[in-house]
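Each chain, letter by letter, is given below.
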Amino acid sequence: MRPSLIVHGGAWDIPDEAVAACRDGMRRALEAGWAILSRGGAALDAVEAAIVVLEDAPVFDAGTGSHLNLDGRVECDAIVMDGATLRAGAVAAVQRIRNPIRLARKVMENSPHMMLVGEGAERYAKDQGMAWCDPEELVTAAERAAWERCREEMHAAEHHRGHEQGTVGAVAVDREGRLAAGTSTGGTCCKLPGRVGDSPLIGCGCYADATAGGVSCTGHGEAIMKIVMAKTAADNLRRLADSDEKPAELAMLAAREAVRVLAERGRGTGGLILLDPGGNPGYAFNTPRMAYGLVDAQGAFLTGV
Ligand code: ASP
C-alpha cells in the first residue's frame, strides 16, 4: 500500500516570528520520515527518525529546547507505540537523554516493561549503550531567559509568549500497512519537578492500533489526561469506519470530535494528528495555531502553522 506520514510540532499560540522555524522543522521531519517510508522502510523507523529531527530543533519543546521545570532543569517525556502488537515504550522525567524517543523505543523493544522514569530510565539508557548528555546541553538561551523572568517576576502566562508549548509527534503507516505513533515533549514550563503530563502515557498523548488508527496529541496535559484523548480519537476512528462518510473526511471528523471533547469535558486546549489504518490523515486543534505537516496522496509535503 501507499505509505503515509503526518507530524506535529505542538498546538499553542505560535507567534508570527516562530512560524518559519516551525514550518522548516515540519518539512525536515517529513523528509527524514519519508526517506524511510518511500524506500519500503518500517513505520516505527519513520516515526523515530521524524521525531529525532524535531527533538534536535530548538524551536520545539522536546529534547533540545525543552521548557525548564521550576528548578531550571529540562525533564523530558516520550513514547512510541506499535499498532500491530499494541506494545509501547515510554520514558518520563529524563534529564540526560538527548533523544528521548530513541530511549522509548529501546524500552519497547528490549525491556519487559512499557514505561521507565527518571534515574531508572537513564540507567537503562546506559545499559542499552546510549550515551548520556550533559543536561545543560538541552537548555537553550531563550528557555533560560524565560525561566529567569518567571523566577524574578513570578510565573505568569505573558512570560511564556513565544515559548508556550511545542510538543512533537509523528504517525506513520508503511508499505506493509504497519502503523506506529510517537510523541516527545519537555512538558510545560515551570512545571513542578517530577511532573509528568499526558505525552508519554499510553492512550493519552499517543495511541496506535492497526485496527483503528494512530494518534499523537499535544496541549494542556492535565486536560488531555482527563479524556484519554489519543484513545478517544482512535475510538472515534473505529466507530466512524462503519459510517457512510468518505475515508478522507472521516479522519478529519475523528480528530475534530476528540478536540471537541477536550474542550467540553476536559476544559482544555490542544490538538492532535492521526492516521486511519488506510493512511488517511486527520488533524484538529482549538489553540490559535498548531504546527503540522503531512505527505499528500501525490507525495507532496504539506506544512501548516
Ligand atoms: N502535552 C504536553 C504536556 O502537558 C505539553 C504540550 O503538548 O505542549 O506535557
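Residues numbered from 1 in each chain as written. Predicted model: local features only at pLDDT ≥ 70, side-chain atom pairs only at ≥ 80, totals over all residues. Heavy atoms only, no water.

**What to know about the overall build of the protein chain**
- Of the regular secondary structure elements, the protein chain holds eight helices and twelve strands.
- Taken over C-alpha atoms, the radius of gyration comes to 17 Å for the protein chain, in line with the 19 Å a tight globule of 305 residues would show.
- Overall, the C-alpha framework of the protein chain stretches about 55 × 40 × 35 Å when taken along its three principal axes.
- Counting all 305 residues of the protein chain, 59% fall into the buried class.
- Within the protein chain, counting contacts between residues at least 6 apart in sequence, those at least 24 apart form 68% of the total. (Helix = DSSP H or I, 4+ residues; strand = E, 2+ residues; numbered from the N terminus. Rg over C-alpha atoms; globule rule 2.2 N^0.38 Å. Buried < 20%, exposed > 50% of the residue type's maximum accessible area, 1.4 Å probe, protein only. Contact = heavy atoms within 4.5 Å.)

**A closer look at the nonpolar core**
- Ranked by size, the top nonpolar core spans 57 residues in total, and within it L5, V7 and L103 carry the most contacts.
- At ten residues, helix 2 (residues 43-56) tops the list of elements feeding residues into this core.
- The next biggest cluster of nonpolar side chains, apart from the first, holds 41 residues, and it includes I6, A181, A208 and A234. (Core = buried A, V, L, I, M, F, W, Y, C linked by side-chain atoms within 4.5 Å.)

**Concerning the sheet that holds strand 8 (residues 213-219)**
- In space, the four strands of this open sheet follow the order 7-8-9-10, with antiparallel pairing throughout. Among the strands making up the open sheet, the edge pair consists of strand 7 (206-209) and strand 10 (281-285). The average undirected angle you get between the axes of adjacent strands in this sheet is 10°.
- Pairing of strand 7 with strand 8, which is carried by four bridges, proceeds in the antiparallel orientation. Following the sheet pairing, D209 is matched in strand 8 by G213.
- Contacting strand 7, strand 8 and strand 9 (270-275), helix 7 (residues 229-240) runs over the sheet at an angle of about 140° to strand 8.
- Against the sheet, helix 8 (residues 247-264) contacts strand 9 and strand 10, and its axis sits at roughly 25° relative to strand 10. (Pairing = 2+ DSSP bridges. Axes fitted to C-alpha atoms, helices over the stretch in contact; angles between N-to-C directions.)

**Describing the site of the ligand**
- If you check the shell around the ligand, you find eleven residues, and the closest are T167, R195, D198, T218 and G219.
- A distance of 2.8 Å separates an oxygen atom of the ligand from a polar side-chain atom of T218.
- The backbone of G221 places a nitrogen or oxygen atom 3.1 Å from an oxygen atom of the ligand.
- With the chains in place, 100% of the 270 Å² that the ligand exposes on its own is no longer accessible. (Near = heavy atom within 4 Å. Polar contact = N/O pair within 3.5 Å; in protein donor to acceptor, adjacent residues only side chain to side chain. Areas by Shrake-Rupley, 256 points an atom, 1.4 Å probe, with all protein chains shown as cover.)

**Comments concerning the side chain of S66**
- For S66, the location among the structural elements is in the loop between helix 2 and strand 2 (76-82).
- At a separation of 2.7 Å, a polar atom in the side chain of S66 contacts the main-chain carbonyl oxygen of G63.
- S66 has contacts with F60, D61, V74, C76, L138, E143 and G186, leaving out every residue within four places of it along the chain.

**Points about the sheet that holds strand 6 (residues 179-185)**
- Across the sheet, eight strands lie side by side as 4-3-2-6-5-1-11-12; this open sheet has mixed pairing. Each of the sheet's edge strands pairs with one partner strand only, and the pair in question is strand 4 (115-117) and strand 12 (301-304). Geometrically, the sheet is characterised by an average inter-axis angle of 5° between neighbouring strands, direction not taken into account.
- Of the strand pairs in this sheet, strand 2 and strand 3 (residues 88-94) are connected by five bridges, and their pairing is antiparallel. Bridge pairing links C76 to V94 in strand 3.

**Details of unusual backbone geometry**
- Positive phi outside glycine occurs at L86, with the angle close to 65°.
- Relative to the helices and strands, L86 is located in the loop between strand 2 and strand 3.
- On the basis of relative accessible area, L86 is assigned to the partly exposed category, the value being 34%.
- The phi angle at R267 is positive, at roughly 55°, despite the residue not being glycine.
- Relative to the helices and strands, R267 is located in the loop between helix 8 and strand 9.

**Notes on the packing of aromatic side chains**
- Taken as a whole and judged by the stated rule, the model has one aromatic pair.
- With a centroid separation of 4.1 Å and 25° between ring planes, the pair formed by Y283 and Y292 is classed as stacked.
- Y283 sits in the partly exposed class, given a relative accessible area of 21%.
- A cation over a ring is seen here: K126 above W132, with NZ or CZ 3.9 Å from the ring centre.
- The cationic tip of R144 hangs over the ring face of W147; the distance from NZ or CZ to the ring centre is 5.2 Å. (Phe/Tyr/Trp six-rings, centres within 6.5 Å; stacked < 30°, edge-to-face > 60°. Lys NZ or Arg CZ within 6 Å of the ring centre and 35° of its normal.)

**A closer look at helix 7**
- In this model, helix 7 (twelve residues) spans 16 Å end to end at C-alpha, consistent with the 16 Å of a helix rising 1.5 Å per residue.
- Regarding helix 7, the residues found buried are M229, A230, T232, A233, A234, N236, L237 and L240.
- Buried-residue contacts for helix 7 involve strand 7, strand 8, helix 6 (221-227), helix 8 and strand 9. (Expected span 1.5 Å × (residues − 1).)

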